[in-house]
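This is what each chain is made of:
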Amino acid sequence: MRSFCVRCLRPESACYCAHVPQLETRTRVVFLQHPRERRVAIGTARMAHLSLPNSELHRGVDFTGHARLEELARHPERVAVLFPGEDAISVEDAQANPPETLIVVDGTWPQAKKVVMRNPLLASLPRIGFVPRRPSNYRIRAEPADHCVSTIEAVAEILGQLEGRPEHFDRMLGAFEFMVDTQLERQETRSGPGRRRIYKGEWRPPLELRSLAEASERLVLFYAEANAHPLEADIPPELVHLVARRLSTGERFEAVIAPEQPLAYSTPLHVELPEEALRAGEPRAEALARFEAFLRPEDELTVWTTFALDLLWSGGLSRKSARNVRLATARALKGKAGGVEQAVEMLEAPAVTPWAQGRAGRRIAALESVVRELVARGLATQPPARLPRTGTEG
């Protein structure tokens, strides 16, 4: 007998809980799930519910006399139903007066329509309709039309637009992508007959790679080094070497910054710069002012670890949009990514010649090599060729 996870209700071998983020929202999300959808193993409403602490999940078809729904219907100016229709308002109109609570009906289209028609309270509430930014990646379940998406994709899309943070809510889709990929991989490797037919749609690169490719014009690759003392010294790390490169144009930035605190004995060794060069660096305020001028409003700082960003924010730069590409690399490798220089070899990415000094020069070149390879994979229209199996036959 298979063991099941009590949280996601999936077999432990297919548990997606490790990929479920906890995302705070201004909007309260209320899921109304058709009872039959609860039995669908590849359903996504529960996955979305687990991602959103500010949400609730109710099951049923007829919600007549349902206390919670009646409570919400008493304040229609604060509530909206995510459901298309001729009288549905656009997301742009909803952004002007966003609802405090969003009701999401979960089920197949016939099931969802039945729930809405069966409950006059739902039909009386304002509706929101939207056109998704991208087609559904629900490659294990057929959608009735190109504009139709899964419940979790719809919720990520609408919350991202209503709250103005699409990248924040795209994080919900990590567990969804994991479930889809896992299901398809198991179907491909299963030796016996499948339990049920799996719908397999057009192949698409993983979400993280597609997102990176879509944002490539805005990416500014960034790496930073610190003057770091042992923990027992109780001296916080400070920024001493900053390098950046705009992916789309190749523009470069480098600053060696004079330490304001005592220079740690190991710092020159780790950053691979002479002590004299560090002490002769420019003042921190001037370096950050130059970097601020280098950046454009739409730029996204792109890093391998958030430590580099922490150095930048603590150094005094105003916070910018940023993304970590380590997760995208792990998705491309279908395993742990290791360090950025190791990732170049694992991805078999074309090498980039270092243009900056010290360890930062090697690391920013490696980051560029990795990101260019990931962008190319995000634009791919065919899956990567499978490596031949290794081993001894006999």
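Note: the structure precedes this text.
On a predicted model such as this, the values are computed, not experimentally measured, just so you know.

Colleague: Would you explain the overall build of the protein chain in this entry?
Modeller: Within the protein chain, the regular secondary structure consists of 17 helices and 10 strands. When burial is assessed residue by residue, the protein chain has 50% of its 394 residues classed as buried. The contacts of the protein chain with a sequence gap of at least 6 include a subset with a gap of at least 24, amounting to 69%. Just so you have it, the protein chain exposes about 20,600 Å², and 52% of that area is on carbon and sulfur atoms.

Colleague: It is not clear to me how the packing of aromatic side chains should be interpreted in this structure. Could you clarify?
Modeller: The way to describe two aromatic rings as a pair is by their centre distance and the angle between their planes. This structure, assessed with the given rule, holds five aromatic pairs. On the basis of an interplanar angle of 45 degrees and a centroid distance of 5.0 Å, the ring pair of Phe253 and Phe291 is categorised as tilted. Linking Phe253 in strand β8 (residues 252-256) with Phe291 in helix α13 (residues 284-294), this pair joins segments that are 38 residues apart in sequence. Of the two residues, Phe253 and Phe291, both sit in the buried class. Geometrically, the ring pair formed by Phe291 and Phe294 is stacked, given 6.2 Å between the ring centres and 15 degrees between the ring planes. Of this pair, Phe291 and Phe294 both sit in helix α13, separated by three residues, roughly a single helical turn. What makes Phe294 buried here is its relative accessible area of 14%. Each residue in the set Phe222, Phe253, Phe291 and Phe294 is aromatic and connected to the rest through ring pairs, giving one cluster. Stacked on the ring of Phe294, the Lys or Arg Arg246 has its end atom at 4.7 Å from the ring centre.

Colleague: In this structure, what is going on with the state of the cysteines? I would like to understand it.
Modeller: By the definition in use, this model includes zero disulfides. Not part of a disulfide, Cys5 finds its nearest cysteine sulfur in Cys17, a span of 3.7 Å. Overall, the relative accessible area of 13% leaves Cys5 in the buried class. Free of any disulfide, Cys15 has its nearest cysteine sulfur in Cys17, 3.6 Å distant.

Colleague: Mind showing me how you'd approach unusual backbone geometry here?
Modeller: Negative phi is the rule for most residues except glycine; trans is the rule for most peptide bonds. Residues other than glycine seldom take positive phi values, yet Leu9 does so here, at roughly 65 degrees. Inspection of the secondary structure assignment puts Leu9 in the segment before β1 (28-33). Positive phi outside glycine occurs at Glu272, with the angle close to 60 degrees. Note on placement: Glu272 falls in the loop between α11 (267-271) and α12 (275-279). Relative accessible area serves as the criterion here: at 39%, Glu272 is assigned to the partly exposed category.

Analysis parameters
- Residues numbered from 1 in each chain as written.
- Predicted model: local features only at pLDDT ≥ 70, side-chain atom pairs only at ≥ 80, totals over all residues.
- Heavy atoms only, no water.
- Helix = DSSP H or I, 4+ residues; strand = E, 2+ residues; numbered from the N terminus.
- Buried < 20%, exposed > 50% of the residue type's maximum accessible area, 1.4 Å probe, protein only.
- Contact = heavy atoms within 4.5 Å.
- Areas by Shrake-Rupley, 256 points an atom, 1.4 Å probe, with all protein chains shown as cover.
- Phe/Tyr/Trp six-rings, centres within 6.5 Å; stacked < 30°, edge-to-face > 60°.
- Lys NZ or Arg CZ within 6 Å of the ring centre and 35° of its normal.
- Disulfide = S-S within 2.5 Å.

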